[in-house]
Amino acid sequence: MKEVIKSLSEFRNRPIAPLLLSILWLCAIAWVGFLWNLGNIGLVDETEPLFAEAARQMTVTGDWITPYFNGETRFDKPPLIYWLMAVAYRTLGVNEWAVRLPSALCAIGLTCLGFYTLWKEEGSSATSNVRDLTDVRKKEKVLWKPEEETENNNSQLKNRRLPLFFSTPWIGAALIALNPQTIAWGRTGVSDMLLVACMCSALLAFFLGYTLEEQREKAEFSTVSASRFPNKWYLTFYVLIALAILAKGPVGIVLPALIVGSFGLYLGNFRQLWREMRPVSGILIILAIALPWYILVILANGQTYIDSFFGYHNFQRFTGVVNKHSAPWYFYFFVVLVGFAPWSIYLPVAIARTRFWQRSYWRRQPRSAQLSLFALFWFGCIFGFFTIAVTKLPSYVLPLIPAAAILVTLLWSDIIAGNEPGNKRVKLEKKPNSLPRGLLATYIFNVVFLLIIAGATFYCYNWLGDDPAMPNFPQAIQQSGLLIVGGTIWITTAVAIALLLWQRQQRWILVANFIGLVAFIIFGLTPAYKVVDINRQLPLRQLAQVAVQQKLPGEEFIMVGFWKPSLVFYTEGPVTYYRAVRRAIDYIKQSKNANSPSILLLGYPEKFVELGLQPSQYQLLDTRGAYQLARVPRQAFQ
């Protein structure tokens, strides 16, 4: 009751203007990053339509236990993403908006919880900083002069007058949401962002529960409550872990357990954490939410499901190469550098800022001051786990992006507040969370990195001709002028940062990066999505519509030479696929369909030649992009 009264009092006394502005800020980030033009392009082959069609099949068949795609079971992922898409279908209709909305909402929810966590951290940092300064004074026995105290107080007043957009929560929300990895997967209808939202929100909930226990102790409550259940944030942690398991499987609990366990062992309070989190209650909550579906799907599909999901899609992905997704051990260094750009260039400094090797210091700190250390364990455990895994994909390290954002946010909070090493008393102990001296080199690299991105943007059309599905894309993107716009934005941003650095206005470098990134998203990236869609996916949607209109009763639809699952989604019917021409010919010869003497055939023009078909032997129905659709008599293959 005391906690509730205290929270209501804090809310009542808080100015309403900053709260409203913060809500508007979150809405603006959500709109630019995830909602703007969300459904304006078609589903992107190959992965997105697999999820979209499996969800559609659930709404058609009423089977909410076993996912199906194109008439076959799909055991790649658990059902939570399919359920959410199906609900969206019932609400918005079967369309691209409904497919991607769950991912977008997950990204928005994670951003908001990150904002709240950093807001709580900012509120407690002032108190912890005063305590740290007092401890250091006592330890070093430094005699402080009154004028020094006045100077320090004036500095604090000056920091309080900083614009609201320089506050830690505002910076953190922007960094969590606005980076290439989060934007890409927050706009894609697959399970990756759902997993990230559940897992990372669970980790944020853990830290909030972790600090709540400290607040209870200070409020003269027992550190470990007499209740059978953990506090509200630990309960939220367990619920989100269960949802993460339903989103992508065992990884949803393995990684959080690894992060929380290593964090507790490092600080030496693992046993206390074990007691206050009440893991038995937590495990029961997780099992109650996540286990029923796994039992039902195993009862329905038996050993086939166990071998496919647990064996192939989990254990084998970690221990071996699946679907040729191999990469060198340093692969994720480049993924983080590009996927978290432009903020990634400050990540090494942000990690060094924690001085994680000073274990004795961190063990003395209050829990509310340990967010940067927790984010470091979060980042390091996920990075190390997937570096060890043999199968590697860029999306695997998406769950570490929020941790990287928190680390860089806390670094920039110190930069903006003017907490440079030179501003500290020489006699004071160099403590964690102080700024390293290599920051100037990072500022310079910021400029160089943006110039490299600008150069890559100008000339990337030379590297975009490998996809046979859009052979004219390099010319189309070059003629659109978007590469010039994008490259110019990055050059302008680099020049602006160089001028700010010259004028020693370091705190505005963050703003320059932010404006450059948002400008690139609005004027470069989003229009480029449309160009890609026109050249790659639109022809398939158009041919799917033609196929639906032209298909005769009982006529089979066959795709030869490539696999484009979007055809199954847009035709809402089965599509037979063969990559090898010889196998397609054997299948057509052996199949007997008395109801239809012809087939609908989709392929590249050269595939028709490889099939041994002359133009006089088939009826060309339509040609779009790199594809052609034809009706072919079965006797043409005899």
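In case you missed it, the structure is sitting above this.
Below: a short report on this structure. Just so it is clear, the structure is predicted and the values come from calculations on it, not from any experiment.

Brief notes about the overall build of the protein chain
Phase 1 of the analysis: The helix and strand tally for the protein chain stands at 26 helices and seven strands.
Phase 2 of the analysis: Considering the protein chain as a whole, with its 638 residues, one finds that 53% of them fall into the buried category.
Phase 3 of the analysis: Counted over contacts in the protein chain with a minimum sequence separation of 6, partners at least 24 positions apart contribute 79%.
Phase 4 of the analysis: With an accessible surface of roughly 29,700 Å², the protein chain has 63% of that area assigned to carbon and sulfur atoms.

Some details on the pattern of salt bridges
Phase 1 of the analysis: Scanning the model with the defined rule gives 13 salt bridges in all.
Phase 2 of the analysis: For Arg56, the salt bridge is made with Glu572, and the minimal N-O distance between the two is 3.9 Å. With Arg56 in helix α3 (residues 47–61) and Glu572 in the loop between α24 (566–571) and β4 (576–578), this pair connects stretches of sequence that are 516 residues apart.
Phase 3 of the analysis: For Asp586, the salt bridge is made with Arg582, and the minimal N-O distance between the two is 3.3 Å. You can see Asp586 and its partner Arg582 sitting in helix α25 (residues 581–590), four residues apart, about one turn around the helix.
Phase 4 of the analysis: The exposure class assigned to Arg582 is partly exposed, which follows from its relative accessible area of 48%.
Phase 5 of the analysis: Connected through shared salt-bridge partners, Glu53, Arg56 and Glu572 make up one network.

Some thoughts on the packing of helix α20 (residues 439–459) against helix α22 (residues 482–502)
Phase 1 of the analysis: Between α20 and α22, whose axes approach to 8 Å, the crossing angle comes to 165°. Looking at the two axes, α20 sits roughly antiparallel to α22. Between α20 and α22 lies a crossing of left-handed hand. The segment α20 lies against α22, with Leu440, Tyr443, Ile444, Asn446, Val447, Leu450, Leu451, Ile453, Ala454, Thr457 and Phe458 engaging Leu483, Ile484, Gly486, Gly487, Thr488, Trp490, Ile491, Thr493, Ala494, Ile497, Ala498 and Leu501.

Comments concerning the sheet that holds strand β7 (residues 627–633)
Phase 1 of the analysis: Strand order in the open sheet made by the five strands is β4-β3-β5-β7-β6, with mixed pairing throughout. Only two strands of the sheet have a single neighbouring strand rather than two, namely β4 and β6 (619–624). Direction aside, neighbouring strands of the sheet carry axes that sit 20° apart on average.
Phase 2 of the analysis: In this structure, strand β3 (residues 556–560) lies alongside strand β5 (residues 598–603), joined through four bridges in parallel fashion. Bridging from a neighbouring strand, Ile558 pairs with Leu601 of β5.
Phase 3 of the analysis: Against the sheet, helix α23 (residues 507–550) makes contact with β3, β5, β6 and β7, and its axis sits at roughly 25° relative to β7, the strand it touches most.

Overview of the pairing of β6
Phase 1 of the analysis: Across five bridges, β6 lies against β7 in antiparallel orientation. When the bridges of β7 are listed, Thr623 appears paired with Gln628.
Phase 2 of the analysis: Once β6 ends, the chain turns through two residues before running back antiparallel as β7, passing Gly625 with a positive phi of about 60°.

Considerations on α3
Phase 1 of the analysis: In a regular helix each residue adds 1.5 Å, so 15 residues correspond to 21 Å; α3 covers 22 Å between its end C-alpha atoms and thus fits that length.
Phase 2 of the analysis: Burial within α3 is extensive, with 11 of its 15 residues counted as buried.
Phase 3 of the analysis: All of the buried residues along α3 are Glu48, Pro49, Leu50, Phe51, Ala52, Glu53, Ala54, Ala55, Arg56, Gln57 and Met58.
Phase 4 of the analysis: Where α3 terminates, the next one or two residues include Gly62, which has phi positive at roughly 80°.

Structural notes on unusual backbone geometry
Phase 1 of the analysis: Residue Glu46 is bonded to the preceding Asp45 through a cis peptide linkage, with omega at 20°.
Phase 2 of the analysis: By the element assignment, Glu46 lies in the loop between α2 (16–35) and α3.
Phase 3 of the analysis: Look at Glu572: it is not a glycine, yet its phi comes out positive at around 55°.

Structural notes on the environment of Gln505
Phase 1 of the analysis: Relative to the helices and strands, Gln505 is located in the loop between α22 and α23.
Phase 2 of the analysis: In sequence terms Gln505 and Ile416 are 89 residues apart; their C-alpha atoms lie 9.5 Å from each other.

Here we look at the side chain of Asn269
Phase 1 of the analysis: Here Asn269 shows up in the loop between α11 (251–267) and α12 (270–277).
Phase 2 of the analysis: A polar contact is formed between the side chain of Asn269 and the side chain of Tyr210, at a distance of 3.1 Å.
Phase 3 of the analysis: Beyond its immediate chain neighbours, meaning those up to four positions away, Asn269 contacts Tyr210, Gly264 and Arg367.

Some points on the packing of aromatic side chains
For any two aromatic rings, the description comes down to two numbers: the centre-to-centre distance and the angle of the planes.
Phase 1 of the analysis: The final tally for this structure, using the stated rule, is 46 aromatic pairs.
Phase 2 of the analysis: Ring geometry for Phe51 and Tyr82: centres 5.8 Å apart, planes at 35°, overall tilted. Note that Phe51 is positioned in helix α3 and Tyr82 in helix α4 (residues 80–92), a separation of 31 residues in sequence. Neither residue differs from the other here; Phe51 and Tyr82 are each classed as buried.
Phase 3 of the analysis: Taking 5.1 Å as the distance between ring centres and 85° as the angle between the ring planes, the aromatic pair formed by Phe569 and Tyr570 counts as edge-to-face.
Phase 4 of the analysis: Here the guanidinium or amino end of Arg74 rests over the ring plane of Phe51, the centre of that ring lying 4.6 Å away.

So, the nonpolar core
Phase 1 of the analysis: Grouped together as the largest cluster of nonpolar side chains are 152 residues, with contacts concentrated most on Leu178, Phe206, Phe237, Trp378, Phe379, Val408 and Trp412.
Phase 2 of the analysis: In terms of residue count, helix α9 (residues 192–218) provides more of this core than any other element does, 17 residues in total.
Phase 3 of the analysis: Excluding anything up to four places from it in sequence, Phe237 contacts Ala202, Leu203, Ala205, Phe206, Pro256, Val260 and Met277.
Phase 4 of the analysis: Formed by 22 residues, the second largest nonpolar core is a distinct cluster that contains Leu567, Leu602, Tyr604 and Tyr627.

Considering α9
Phase 1 of the analysis: Taking 1.5 Å of rise per residue, 27 residues should cover 39 Å, and α9 covers 39 Å from first to last C-alpha, within 8% of that figure.
Phase 2 of the analysis: Across the 27 residues that make up α9, a large majority, 24, are buried.

So, how was this worked out
Residues numbered from 1 in each chain as written. Predicted model: local features only at pLDDT ≥ 70, side-chain atom pairs only at ≥ 80, totals over all residues. Heavy atoms only, no water. Helix = DSSP H or I, 4+ residues; strand = E, 2+ residues; numbered from the N terminus. Buried < 20%, exposed > 50% of the residue type's maximum accessible area, 1.4 Å probe, protein only. Contact = heavy atoms within 4.5 Å. Areas by Shrake-Rupley, 256 points an atom, 1.4 Å probe, with all protein chains shown as cover. Salt bridge = Lys/Arg side-chain N within 4 Å of Asp/Glu carboxyl O. Axes fitted to C-alpha atoms, helices over the stretch in contact; angles between N-to-C directions. Parallel < 35°, antiparallel > 145°, perpendicular 65-115°, else oblique. Left-handed = near helix turned anticlockwise from the far one by under 90°. Pairing = 2+ DSSP bridges. Expected span 1.5 Å × (residues − 1). Polar contact = N/O pair within 3.5 Å; in protein donor to acceptor, adjacent residues only side chain to side chain. Phe/Tyr/Trp six-rings, centres within 6.5 Å; stacked < 30°, edge-to-face > 60°. Lys NZ or Arg CZ within 6 Å of the ring centre and 35° of its normal. Core = buried A, V, L, I, M, F, W, Y, C linked by side-chain atoms within 4.5 Å.

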